[in-house]
Amino acid sequence: MDQIDRRSLLSAGLALSAAASATGAAAQRIARPGFLWGTAGAAYQVEGGNYASDIWALEHLTTPIFAEPSGDADDVYNRVHEDIALSASLGFNAHRFSIEWSRIEPEQGQISLAGIAYYRRVLESCHAHGLTPVVTYIHNSVPRWYAAGGGLSTPDGVAPFVRYCELVTRHLGDLIGVAATMNEPNIGALLSWSPAVTRLAPMIALAQTAARRQTGYPNWSSPMLDLLNPRQPITVEAHSRAYDAIKAISGDRFPVGVTLAINDDKPGLPTSGVEAKRAQVLAPWLAAPGDIVCVQNYTETRVGPTADMPPEPGQEVTQMGYAFAPQALEAVIRTVSQLTRRPIYVTENGIATEDDTRRVAFIKTAVAGVQRCVADGLDVRGYLHWSLLDNWEWTSGYRPKFGLVSVDRTTFRRTPKPSALLLGAIARAGGIA
Ligand code: BGC
């Protein structure tokens with residue numbers, strides 16, 4: 001805890017009392033025992049120094065697609081126990097993180113026992129602090145050797161992924177609380193509707209060519225570069241076989257699903273592609289095996305006949321250029337509940353902003369929406385905010401600020417923002433009035 005700015009925890013008492021008054025009435029609070037409140041993060045974005053990852057290799061091409069390298073990230077690798085303690089002290093009872101495959105299997109077939117032991121300590125730390133660990137088996141990053149061999153661009157990529165999932169479950173499954181096989185495998189399908197695709201496509205094509213040429217692996221395929229060429233059938237198969245493998249080992253000890261990126265899609269014009277988009281982005285994944293659905297929502301979109309439309313002129317947008325739409329989460333939960341009977345966990349929801357008062361406003365509206373869903377009988381079992389820490393936001397580098405807690409880029413000192421205290425108070429109270 002010594003790297004955490006304790007003064008800020010005390011001085012942000014103002015936010016805490018605001019939260020407490022906002023959580024006064026009991027009627028709408030979430031009474032469900034075991035409802036998860038917490039934050040979500042991903043290994044590559046926070047741990048630092050994941051040298052054996054495909055993304056590290058991509059970052060060091062002569063034509064990188066990233067605004068800046070990830071480097072030490074938030075040095076979570078060395079500070080994870082402090083961060084877990086901080087989470088618990090804020091009032092949370094859950095902690096989502098991902099396991100970095102390239103730490104566990106840095107070369108094909110070469111298993112790092114130290115890597116496995118590291119994540120075992122992370123899981124133990126969660127339990128010691130009363131946090132249910134929500135574990136993503138892969139979150140965008142894969143080992144270099146896996147990308148070099150073509151990853152999921154070839155059916156041969158399925159077996160190594162399934163073996164890795166088996167390994168993790170065998171060694172760590174006894175401590176996992178909730179699991180997702182992979183993070184947002186539907187993001188490519190989602191992005192294919194976005195107007196940003198025309199800007200991204202040439203940049204990504206350039207990076208793909210550079211990766212193949214500079215690494216010397218002509219079949220190099222990184223999930224990040226495959227964004228615009230989503231291979232859903234192979235990816236669905238990889239998830240399905242991983243799901244079966246995990247369940248064969250762990251039985252019903254913890255629920256397993258997949259996280260899905262879902263915008264609140266609204267018709268932008270009288271002729272709209274909302275249904276077609278849903279069929280592409282959601283349907284294959286809701287039909288795939290899973291005990292739960294992990295919903296990840298950041299915004300709403302107006303959908304035209306064949307593509308998303310930009311936010312309306314004058315609409316507030318976040319640092320990511322998304323419409324500020326905290327109410328979108330409730331709509332998405334309701335949509336998903338109509339499409340499947342599976343329990344829902346919100347495994348990501350958040351806003352990139354330098355102005356924490358907007359995050360406070362965002363959280364209040366988003367959480368109120370979750371509570372209305374629960375009050376209406378929808379089976380929602382958790383709200384995990386993205387993210388505990390400001391972190392490395394992929395191609396955008398460190399500029400977008402998604403964290404409840406800021407991180408000094410030189411000392412790595414953690415400083416909770418008022419929004420951290422607000423969400424912690426909400427978690428303690430079981431909701432907001
Ligand atoms: C991803 C995270 C990302 C977040 C914010 C999600 O789609 O899972 O890795 O940082 O969005 O953009």
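**Student:** Give a description of the overall build of the protein that names residues and reports values.
**Tutor:** Broken down by element type, the protein carries 17 helices and 14 strands. Against the 2.2 N^0.38 benchmark of 22 Å for 433 residues, the protein shows a C-alpha radius of gyration of 20 Å, consistent with a compact globule. Over its C-alpha atoms, taken along the principal directions, the protein stretches across nearly 60 × 55 × 45 Å. Per-residue burial for the protein yields a buried fraction of 59% across its 433 residues.

**Student:** Could you give an account of the sheet that holds strand β1 (residues 36-40), with specific residues and numbers?
**Tutor:** In spatial order, the strands read β5-β4-β3-β2-β1-β12-β11-β8-β6; together these 9 strands make up an open sheet with parallel pairing. Here the strands that pair on one side only, and so sit at the sheet edges, are β5 (256-257) and β6 (259-261). Inspection of the sheet shows strand β2 (residues 94-98) paired to strand β3 (residues 132-138) by 5 bridges, in the parallel sense. By the bridge assignment for β3, Arg 96 is matched with Val 134. In this fold helix α12 (residues 232-250) packs onto β3, β4 (178-182) and β5, with an angle of close to 145° to the strand it touches most, β4.

**Student:** Help me get a handle on the nonpolar core, residues and values and all.
**Tutor:** Counting residues in hydrophobic clusters, the biggest one holds 116 residues, and the most contacted among them are Phe 161, Tyr 164 and Tyr 383. Aside from chain neighbours lying at most four places away, what touches Tyr 383 is Phe 35, Leu 36, Trp 37, Gly 38, Leu 329, Val 346, Asn 349, Ala 366, Val 367, Val 370 and Leu 423. In this structure, Leu 36, Val 178, Ala 352 and Leu 384 belong to the second largest nonpolar core, which totals 14 residues.

**Student:** Which residues make up the site of the ligand, and what values go with them?
**Tutor:** Every residue close to the ligand is listed here: Gln 45, His 139, Asn 183, Glu 184, Gln 296, Tyr 298, Glu 348, Trp 386, Glu 393, Trp 394 and Phe 402. Within the side chain of Asn 183, one N or O atom sits 2.8 Å away from an oxygen atom of the ligand. Within the contact set of the ligand, an oxygen atom lies 2.6 Å away from a side-chain nitrogen or oxygen of Glu 393. Relative to its free-state accessible area of 310 Å², the ligand is covered by the protein chains to the extent of 92%.

**Student:** Before we move on, could you go through the side chain of Thr 39 and cite the residues and values that matter?
**Tutor:** Tracing the chain through its elements places Thr 39 in strand β1. Other than its neighbours up to four places away in sequence, Thr 39 contacts Ser 87, Phe 92, Ala 94, His 95, Arg 96, Leu 384, His 385, Ser 387, Leu 388 and Leu 404.

**Student:** Describe the environment of Leu 152, with residues and values.
**Tutor:** Within the secondary structure, Leu 152 sits in the loop between α8 (144-148) and α9 (158-172). Between the alpha carbons of Leu 152 and Gln 232 there is a distance of 9.5 Å; along the sequence they are 80 residues apart.

**Student:** Which residues make up the packing of helix α5 (residues 76-90) against helix α7 (residues 113-128), and what values go with them?
**Tutor:** Relative to each other, α5 and α7 sit at 15°, their axes nearing to 9 Å. Our classification of the angle between α5 and α7 gives roughly parallel. The hand of the α5/α7 crossing is left-handed. Only Tyr 118, Arg 121, Val 122, Ser 125 and Cys 126 of α7 make contact with α5, whose side of the interface consists of Val 76, Tyr 77, Val 80, His 81 and Ile 84.

**Student:** Hey, could you go over the packing of α7 against α9 for me, with residue numbers and the actual values?
**Tutor:** Helix-helix packing is characterised by the crossing angle of the two axes and by the distance between the axes. One way to put it is that α7 packs onto α9 with a least axis distance of 10 Å and a crossing angle of 55°. Judged on the interaxial angle alone, α9 and α7 are oblique. Taken as a pair, α7 and α9 cross one another with a handedness that is right-handed. Each of Ile 116, Tyr 119, Arg 120 and Leu 123 in α7 lies in contact with α9, whose residues at this interface are Leu 167, His 171 and Leu 172. For the contact of α7 with α9, the class distribution of residues is 5 nonpolar, 1 polar and 1 charged.

**Student:** An account of the sheet that holds strand β7 (residues 264-267) is requested, with residue identities and associated values reported.
**Tutor:** Spatial ordering of the open sheet is given by β7-β9-β10, a layout of 3 strands whose pairing is mixed. Pairing within the sheet leaves two strands with one partner each, and these edge strands are β7 and β10 (308-309). Relative to β10, strand β9 (residues 300-303) runs antiparallel, the two sharing 2 bridges. Following the sheet pairing, Arg 302 is matched in β10 by Met 309.

Rules of the game
Residues numbered from 1 in each chain as written. Predicted model: local features only at pLDDT ≥ 70, side-chain atom pairs only at ≥ 80, totals over all residues. Heavy atoms only, no water. Helix = DSSP H or I, 4+ residues; strand = E, 2+ residues; numbered from the N terminus. Rg over C-alpha atoms; globule rule 2.2 N^0.38 Å. Buried < 20%, exposed > 50% of the residue type's maximum accessible area, 1.4 Å probe, protein only. Pairing = 2+ DSSP bridges. Contact = heavy atoms within 4.5 Å. Axes fitted to C-alpha atoms, helices over the stretch in contact; angles between N-to-C directions. Core = buried A, V, L, I, M, F, W, Y, C linked by side-chain atoms within 4.5 Å. Near = heavy atom within 4 Å. Polar contact = N/O pair within 3.5 Å; in protein donor to acceptor, adjacent residues only side chain to side chain. Areas by Shrake-Rupley, 256 points an atom, 1.4 Å probe, with all protein chains shown as cover. Parallel < 35°, antiparallel > 145°, perpendicular 65-115°, else oblique. Left-handed = near helix turned anticlockwise from the far one by under 90°. Nonpolar A, V, L, I, M, F, W, Y, C, P; charged D, E, K, R; others polar.

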